[in-house]
Amino acid sequence: MVPAFPDSRSVILTGAASPRGIGRATAHYLAERGWSIGIIDIDDAAAKAVAQEIAEQYGVTAAGAGANVAREQEVRAAFDSLEAELPQLVALVNLAGVSSPVPYLEVTAEEWDRVMGVNMNGVHYATRRAVESMVGNGLGRVVNLSSVSAQRGGGTFSKTVYSAAKAGVIGFTRSVARELGGAGITVNAVSPGPIDTDIMGGTLTEERKTAMAADGVLPRIGTPRDIAAAISYLISEDAGFVTGQTLNVDGGLYMH
Ligand code: NAD
């Protein structure tokens, strides 16, 4: 039997420091629903500032730690410091990511390693460290951010390296879900379509938003809150029978 969720529980989010990003919006959304919040971001000062703003606004425990998710030792040190300050770690959300608009014929070995380092290796390092704690409790939730770019083969701002890394995240999600289901841990992916953040080369103009929405079924691009709500469901106690899945939150851009 998987234990019930503890009254006091934490979620750690990577990549939750950028002001208009999905991660910060998700941290707010989850704190409002009673989660204690840990934030890991390459921007140490911003991670701590977002944690403080959340603690003040919702009265939950929140802490931030700086780490480059592409470096395993930094990730492990950040988890150690956050876990010392927070209640039981129940959930991890891997949001840290970088875009890569480089055409395939111009991709250098450095660009390949940069993007894989953050978007794929980073997901592994944080997941590996988080599930070591979760296995001890017999309870855990992991959500990884993929992208419609993985499923459609690019076609968004980013190109092949990003698409390959985000496709890797889906295979990783399924395999870890299979290996750790018996330990009470669910692992799922969320695959967003275009979301109104600054990751696609800066703040989107109305013209770009309209052009991006034209490909989908719904007449708009997504908001960080659209993704936060999907993440909130997948880490909830009631989502305990959902694992190894990719939830597309993309306005109908990709149907299969
Ligand atoms: P964003 O740029 O606002 O946020 C990314 C965050 O990751 C930032 O806080 C940044 O500081 C952090 N980060 C970057 N490199 C890091 C590193 N090496 N170590 C630690 N932190 C690092 O972007 P966003 O749009 O909020 O994206 C969040 C996630 O959603 C990403 O994984 C992205 O690929 C994915 N996604 C976004 C969209 C979209 O349209 N915005 C679509 C599909 C998937």
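Brief notes about the pattern of salt bridges
Per the counting criterion, the structure on display carries 15 salt bridges. Measuring nitrogen to oxygen at the nearest pair gives 2.6 Å for the salt bridge that ties Asp44 to Lys48. Of this pair, Asp44 and Lys48 both sit in helix H2 (residues 44-58), 4 residues apart, which is roughly one turn of the helix. Residue classification places Asp44 among the partly exposed positions, given a relative accessible area of 34%. Residue Lys48 is classed as partly exposed on the basis of its relative accessible area, which comes to 42%. Ionic pairing is found between Asp196 and Lys209, a salt bridge with its closest N-O pair at 3.1 Å. With a gap of 13 residues between them, Asp196 in the loop between strand S6 (185-192) and helix H7 (206-213) and Lys209 in helix H7 connect regions that are remote in the sequence. Beyond isolated ion pairs, a larger network of salt bridges with shared partners links Arg20, Asp196, Asp198, Glu206 and Lys209.

A word on the site of the ligand
Close to the ligand lie 27 residues, the nearest being Ser18, Ile22, Asp41, Tyr162 and Thr197. Note that an oxygen atom of the ligand is positioned 2.6 Å from one of the side-chain N or O atoms of Ser18. Within the backbone of Ile22, an N or O atom sits 2.7 Å from an oxygen atom of the ligand. When isolated, the ligand has an accessible area of 840 Å², and the protein chains bury 91% of it.

Some remarks on a nonpolar patch on the surface
On the surface, Val217, Leu218 and Met255 cluster together into a nonpolar patch covering about 320 Å² of accessible area. Structurally, Met255 is set in the segment after strand S7 (246-249).

What about the environment of Val190?
Among the structural elements, Val190 can be located in strand S6. Each C-alpha atom, one on Val190 and one on Leu13, is 14 Å from the other, the two residues being 177 residues apart in sequence. Here Val190 is in contact with Val143, Asn144, Leu145, Ser146, Ile227, Ala230, Ile231, Leu234, Leu247 and Val249, once residues within four sequence places are set aside.

Quick notes on the sheet that holds strand S5 (residues 140-145)
If you trace the 7 strands from one edge of the open sheet to the other, you get S3-S2-S1-S4-S5-S6-S7, paired in parallel fashion. With one partner strand each, in any of the chains shown, strand S3 (62-66) and S7 form the two edges of the open sheet. Across this sheet, the average inter-strand angle for adjacent strands is 20°, counted without regard to direction. Two strands pair when backbone bridges link them, and S5 and S6 are joined in this way by 6 bridges, in the parallel orientation.

Some points on the pairing of strand S4 (residues 89-94)
In terms of burial, S4 is a largely internal element, 6 of the 6 residues being buried. Sheet analysis places strand S1 (residues 10-14) next to S4, joined by 5 bridges and oriented parallel. Its bridge partner being in S4, Leu13 is matched across the sheet by Val93. Here 4 bridges tie S4 to S5, and the two strands are oriented parallel to one another. Note that in S5 the partner of Ala91 across the bridge is Arg141. At this point the chain moves from S4, through helix H4 (residues 109-137), to the parallel S5, and the crossover so formed is right-handed.

Examining the environment of Pro3
By the element assignment, Pro3 lies in the segment before S1. Assessed through its relative accessible area of 37%, Pro3 is described here as partly exposed. Linking Pro3 and Gly15, residues 12 residues apart in sequence, is a C-alpha distance of 29 Å.

Observations regarding the pairing of strand S2 (residues 36-41)
Counted residue by residue, S2 has 6 buried out of 6 residues, so it is predominantly covered. One ladder, built from 5 bridges, connects S1 with S2; its direction is parallel. Bridged to Thr14 within S2 is Ile40. Judged from the 5 bridges that link them, S2 and S3 form a sheet pairing that is parallel. Note that in S3 the partner of Gly38 across the bridge is Ala63. In terms of handedness, the path from S2 via H2 over to S3 forms a crossover that is right-handed.

The rules behind each value
- Residues numbered from 1 in each chain as written.
- Predicted model: local features only at pLDDT ≥ 70, side-chain atom pairs only at ≥ 80, totals over all residues.
- Heavy atoms only, no water.
- Salt bridge = Lys/Arg side-chain N within 4 Å of Asp/Glu carboxyl O.
- Helix = DSSP H or I, 4+ residues; strand = E, 2+ residues; numbered from the N terminus.
- Buried < 20%, exposed > 50% of the residue type's maximum accessible area, 1.4 Å probe, protein only.
- Near = heavy atom within 4 Å.
- Polar contact = N/O pair within 3.5 Å; in protein donor to acceptor, adjacent residues only side chain to side chain.
- Areas by Shrake-Rupley, 256 points an atom, 1.4 Å probe, with all protein chains shown as cover.
- Patch = residues over 30% accessible without salt bridge, like charges linked within 9 Å, V, L, I, M, F, W, Y side chains within 5 Å.
- Contact = heavy atoms within 4.5 Å.
- Pairing = 2+ DSSP bridges.
- Axes fitted to C-alpha atoms, helices over the stretch in contact; angles between N-to-C directions.
- Right-handed = clockwise from strand over helix to strand, strands pointing away.

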